[in-house]
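# A look at the structure
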Amino acid sequence: EEEFKWLLQEEVHAVLKQLQDILKEASHRFALPTSGSGGAVKQENFVLSTSGTDQVKGVLTLQGDALCQADVNLKMPRNNQLLHFAFREDKQWKLQQIQDARNHVNQAIYLLMNRDVNYQFTTGSEVLKLMDAVMLQLSRARNRLTTPATLTLPEIASSGLTKMFTPALPPDILVNFYINLNKLCLTVYQLHVLQPSTTKNFRPAGGSILHNPGAMFEFGSQRYEVSQVHKVECVISWLNDALVFFTVSLQLCQQLKDKISVFCSYWNYRPY
């Protein structure tokens, strides 16, 4: 009983402090100024590449959770023509995955700070409930980075991203940016128009993170088929740091839950 009381009064707060420190480090990795600090977010440049192909190359400028510049070169295979696209100067593309992950981290920090050092935990179930709430936020933060959204090709075609480039993207090119783990990915789809006289059975593709050649869709009054897909990516080191912090924090939460559960099961099942 004394040991359990010490655990609730001392060790729980030590773990909560450790979690706060780790998650504040994770939050700092997202490189956004806290409200009221007024500091400008630094810009970082990343080179897009992939092994085995040089058909798509590019340089991206990331500022916090926004792509503020993108320069992309695309080599068209049918005639070796080189196309160049860049963001318009008045445009930025928000990476919702980074924004959401940061919000979940900050929500986890808020839950932990609500139990300051003077707070007295009286039951194990109270600690378990807090750990479950923190772990839920951390799992959501991690999932936002590890699980990109599935999109249909018409959703990609109608997204605001297609209108951000100068010169304008030709109608047979689609692009999509997303985060996958610690990487920022760019997918370029080359299309060809399906003629009304085609003998192919038209089967529109559903939602997917990455569509394969042969995927069909209808947009406007035209039917298209994906002829080629190019995916290039760059590693963002601070996203890797954040994912490591999430994993360590989830392990700490689980270890504390396991300790509490051992005591709770002892109280529930000890012989009288």
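If you look the protein chain up in an unreviewed UniProt entry, it shows as Protein rogdi homolog from Lophotis ruficrista. Within the UniProt record for the protein chain, the comment given under Subcellular location (unreviewed entry) is "Cytoplasmic vesicle, Secretory vesicle, Synaptic vesicle". UniProt annotates the protein chain under Sequence similarities (unreviewed entry) with the comment "Belongs to the rogdi family."

### So, the nonpolar core
Of all hydrophobic cores here, the largest spans 68 residues; its most connected members are F30, M131, F177, L186, F246 and I260. Ranked by residues supplied to this core, first place goes to helix α5 (residues 237–269) with 12 residues. Setting aside residues no more than four positions away along its own chain, F177 makes contact with L60, L67, A70, F87, W93, L161, F165, C185 and L186. Core analysis: the second largest hydrophobic core is formed by 10 residues, L153, A157, L174 and L191 among them.

### Considerations on the pattern of salt bridges
As enumerated under the stated definition, the model contains 12 salt bridges in all. The salt bridge partner of R29 is E25, with a shortest N-O separation of 2.9 Å. Within this pair, R29 and its partner E25 are both found in helix α1 (residues 2–29), separated by four residues, close to a single helical turn. Two residues, K94 and D65, come together in a salt bridge whose shortest N-O distance is 3.1 Å. Here K94, found in strand β5 (residues 93–94), pairs with D65, found in the loop between β2 (56–63) and β3 (66–75); they are 29 residues apart in sequence, far enough to count as distant.

### Digging into the packing of aromatic side chains
What the rule picks out here adds up to six aromatic pairs. For the pair F87 and F165, a centre-to-centre distance of 5.2 Å together with 65° between the ring planes defines the contact as edge-to-face. Taken together, the residues F87 in strand β4 (residues 82–87) and F165 in strand β6 (residues 165–166) connect sequence positions 78 residues apart. By the burial criterion, F87 is buried, and F165 matches it. Pairing F87 with F177 gives two aromatic rings, centres 6.3 Å apart and planes at 85°, and the pair type is edge-to-face. Residue F87 is located in strand β4, and its partner F177 is located in strand β7 (residues 173–180); the two are separated by 90 residues in the primary sequence. Residues F87 and F177 agree in their burial class; the two are buried. Among the aromatic residues, those joined into a ring-pair cluster are F85, F87, F165 and F177.

### Focus: the environment of M113
Relative to the elements of secondary structure, M113 occurs in helix α2 (residues 96–113). Here M113 falls in the partly exposed class, since its relative accessible area comes to 47%. Linking M113 and P148, residues 35 residues apart in sequence, is a C-alpha distance of 30 Å. Apart from residues no more than four positions distant in its own chain, M113 is found in contact with Q20 and K24.

### Observations concerning the layout of surface pockets
A volume near 300 Å³ is recorded for the largest pocket. Taken together, 17 residues form the lining of the largest pocket, with W93, L151, N176, F177 and Y178 sitting closest to its centre. Looking at the lining of the largest pocket, the elements that each hand over two or more residues are β5, α2, α4 (153–158) and β7. Take the lining of the largest pocket: its biggest share by element is four residues, from β7. When grouped by side-chain class, the residues that make up the lining of the largest pocket number 10 nonpolar, four polar and three charged.

### Quick notes on the pairing of strand β8 (residues 183–193)
Taking burial as the measure, the 11 residues of β8 include eight buried ones, the bulk of the element. With eight bridges connecting them, β7 and β8 associate as antiparallel partners. Residue pairing for β8: F177 is matched across the bridge by L186. Turn length for the β7-β8 hairpin, with the two strands adjacent in sequence and antiparallel, is two residues, and the turn residue L181 shows positive phi of about 60°. With 11 bridges joining them, β8 and strand β10 (residues 222–235) adopt antiparallel strand pairing. Counted as the bridge partner of V193 is Y224 from β10.

The rules behind these values
- Residues numbered from 1 in each chain as written.
- Predicted model: local features only at pLDDT ≥ 70, side-chain atom pairs only at ≥ 80, totals over all residues.
- Heavy atoms only, no water.
- UniProt positions renumbered as here; feature names shortened; annotations may be inferred.
- Core = buried A, V, L, I, M, F, W, Y, C linked by side-chain atoms within 4.5 Å.
- Buried < 20%, exposed > 50% of the residue type's maximum accessible area, 1.4 Å probe, protein only.
- Helix = DSSP H or I, 4+ residues; strand = E, 2+ residues; numbered from the N terminus.
- Contact = heavy atoms within 4.5 Å.
- Salt bridge = Lys/Arg side-chain N within 4 Å of Asp/Glu carboxyl O.
- Phe/Tyr/Trp six-rings, centres within 6.5 Å; stacked < 30°, edge-to-face > 60°.
- 1 Å grid on protein atoms, 1.4 Å probe; cavity = no way out; pocket = protein on both sides within 12 Å on 5 of 7 lines; lining within 4 Å.
- Points joined across faces, edges and corners; volume = space filled by probe spheres on them.
- Nonpolar A, V, L, I, M, F, W, Y, C, P; charged D, E, K, R; others polar.
- Pairing = 2+ DSSP bridges.

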